[in-house]
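Architecture at a glance
Residues per chain are reported as follows:
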Amino acid sequence: MDKELYSTYVAILKEELIPAMGCTEPIAIAYGAALARRTLGQLPQSVEVAVSANILKNVKSVVVPHTGGLRGIAAAVAAGITVGDADRQLEVLAGVSQAQEPLIRACQEQTPIRVSLSESGYIFDIQITVKAEDQTAFVQIAGSHTNVIRIERNGETLRACDYTEDVPAEKEDRRLLSVERIVEFADLVCIEDVKETLDRQIQMNLAIAQEGLRGNWGAGIGRVLQNAYGSEIHNRAKAVAAAGSDARMSGCELPVVINSGSGNQGMTASLPVIVYAEELKSGPDLLYRALVVSNLVTIHLKTGIGRLSAYCGATSAGCGAGAGIAYLHGGKAYEIAHTIVNAVAINSGMICDGAKASCAAKIASAVEAGLLGWQMQRNGTQFYGGDGIVVKGVENTIQNIGRIARDGMAQTDREIIRIMIDASR
């Protein structure tokens, strides 16, 4: 692997595997609101928020951390403008104290916060306008959770970035990823180049998973799996990943390290691999390399799909987890490619209907698909080209998944959003 490509892969991991507190879509709104308030220079007297339908879908049902259990867009806005620290981006609410929480509720009750659908046409779009007396400020985030493309104050443009959905918002080109190169990179990567990033992922994601198993969070999918099916490693890998989501979707105030803009995907890609490495006594070096595989495979699958879609992102992360576990067991590019193809063939029909408690169960299903895909490969069976969406070559099958999620499921996404909006009326 040449030095430039090596550096790109390291940079992709550092760009993607970052900490976030709370579900990333409401947190992105809180970040935008905090930035708008700072630009305004005072507490707003009114707020107008325009978001794309996919943002609405992912914020509607999830608890915003540090708000005393509040849900939805208005809660995220109120938290951002009252106590948010814009400098901390996706950890914008991490410094909020319990004593400050009543301020958020009071702001939501007393400040007019009008929410509408964005007309920009962007799949990922957050526009926040704040007003106080004769002063106004405007912030727009598009494409990804911290990609601020416009800031205005009193009609004066302070920041303007060219943005089109045809050009990725990220700095590094994810199109350079391939399964063969990912495995090559994992084999030769200098651990010191990725250690800090992966140590943070291990520590943060394990902590919230353990809290999910201890506490009374969401539907308690992690505990249900443990109680119903025991502590065998196959089940424990699913239970731990699900438990992290149980806590996170219900407002747990612990951060996670995300993947492809999603905490659920970050936990799904990492926790099963961590649990298997502990069971196998793999040692830290092999664990780091397996996490490189699981995270980069997840990112690779998500690149063609996009940040937000009707296609459940946990499916991609479950494939990543299966690939990482295959690597722990000595799998190389051939074995990992077959694991991925098997896994996507099993579980690619799972829809995304927003962030909420049931995400934990979907994570369990995604990890199961990844593990079954790996076990099929170990046992000498596989799905072949011509079996449904599977075609010859792992990269070609991955491209098909992108087409299905991005193009084929566009109408599905619109129908899901209509159903969710109708149900909230």
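Everything quoted here is computed from the prediction, not taken from an experiment.

Regarding the overall build of the protein chain
For the protein chain, the count of helices and strands is 16 helices and eight strands. The C-alpha atoms of the protein chain give a radius of gyration of 21 Å, which matches the 22 Å a tight globule of 425 residues would have. On the principal axes, the C-alpha backbone points of the protein chain span a range of 70 × 45 × 45 Å. Taking all 425 residues of the protein chain together, the buried fraction comes to 58%. On the protein chain, roughly 17,000 Å² of surface is accessible, and the fraction owed to carbon and sulfur atoms is 49%.

With respect to the nonpolar core
Formed by 124 residues in total, the largest nonpolar core has its most connected members in Ile29 and Leu296. When near neighbours in sequence (up to four residues on either side) are disregarded, Ile29 contacts Val51, Ile55, Val59, Ile73, Ala76, Val77, Ile126 and Ile128.

Topic: the pattern of salt bridges
Counted according to the given criterion, the structure contains 18 salt bridges. With its nearest N and O atoms 2.7 Å apart, the salt bridge here joins Asp199 to Lys195. With Asp199 and Lys195 both in helix H7 (residues 191-214), this residue pair falls four residues apart, about one helical turn. Judged by relative accessible area, Asp199 falls into the buried class, the value being 17%. On the basis of relative accessibility, which here comes to 30%, the residue Lys195 falls in the partly exposed class. For the salt bridge of Asp353 with Lys362, the shortest nitrogen-to-oxygen distance reads 2.8 Å. Exposure remark for Asp353: the relative accessible area of 24% places this residue in the partly exposed category. Assessed through its relative accessible area of 15%, Lys362 is described here as buried. Residues joined in a network through salt bridges with shared partners are Glu15, Glu16 and Arg174.

Some points on helix H9 (residues 233-249)
The first and last C-alpha atoms of H9 sit 24 Å apart over 17 residues, in line with the 24 Å expected at 1.5 Å per residue. You can read the cap of H9 off the contacts: a side-chain oxygen lies 3.0 Å from the backbone nitrogen of His234, and it is on Glu232.

Concerning the packing of aromatic side chains
If you walk through the whole model with that rule in mind, you get four aromatic pairs. On the basis of an interplanar angle of 65° and a centroid distance of 5.3 Å, the ring pair of Tyr9 and Phe185 is categorised as edge-to-face. Pair noted here: Tyr9 is in helix H1 (residues 3-16) and Phe185 is in helix H6 (residues 179-188), with a separation of 176 residues, a long-range link. There is no split in this pair, since Tyr9 and Phe185 are both buried. Residues Tyr276 and Trp374 carry aromatic rings whose centres are separated by 6.0 Å and whose planes lie at 85° to one another, so their mutual orientation is edge-to-face. Here Tyr276 is found in helix H10 (residues 263-280), whereas its partner Trp374 is found in helix H14 (residues 359-378), with 98 residues between them in sequence. Look at Tyr276 and you get buried, because its relative accessible area is 5%. Of the aromatic side chains, those joined through ring pairs into one cluster are Tyr6, Tyr9 and Phe185.

A short note on the sheet that holds strand S5 (residues 135-142)
The six strands are arranged S3-S2-S4-S5-S6-S7 in an open sheet whose pairing can be described as mixed. A strand with exactly one partner marks an edge of an open sheet, and here the two such strands are strand S3 (113-117) and strand S7 (156-160). On average, each strand axis in the sheet is tilted by 10° relative to the strand beside it, whichever way the strands run. Pairing geometry for strand S2 (residues 46-51) and strand S4 (residues 125-132), over six bridges, is antiparallel. Of the residues in S4, the one forming a bridge with Ser46 is Lys131.

Criteria and cut-off values
Residues numbered from 1 in each chain as written. Predicted model: local features only at pLDDT ≥ 70, side-chain atom pairs only at ≥ 80, totals over all residues. Heavy atoms only, no water. Helix = DSSP H or I, 4+ residues; strand = E, 2+ residues; numbered from the N terminus. Rg over C-alpha atoms; globule rule 2.2 N^0.38 Å. Buried < 20%, exposed > 50% of the residue type's maximum accessible area, 1.4 Å probe, protein only. Areas by Shrake-Rupley, 256 points an atom, 1.4 Å probe, with all protein chains shown as cover. Core = buried A, V, L, I, M, F, W, Y, C linked by side-chain atoms within 4.5 Å. Contact = heavy atoms within 4.5 Å. Salt bridge = Lys/Arg side-chain N within 4 Å of Asp/Glu carboxyl O. Expected span 1.5 Å × (residues − 1). Polar contact = N/O pair within 3.5 Å; in protein donor to acceptor, adjacent residues only side chain to side chain. Phe/Tyr/Trp six-rings, centres within 6.5 Å; stacked < 30°, edge-to-face > 60°. Pairing = 2+ DSSP bridges. Axes fitted to C-alpha atoms, helices over the stretch in contact; angles between N-to-C directions.

Keep in mind that these numbers describe shape and distance, not what the molecule does.
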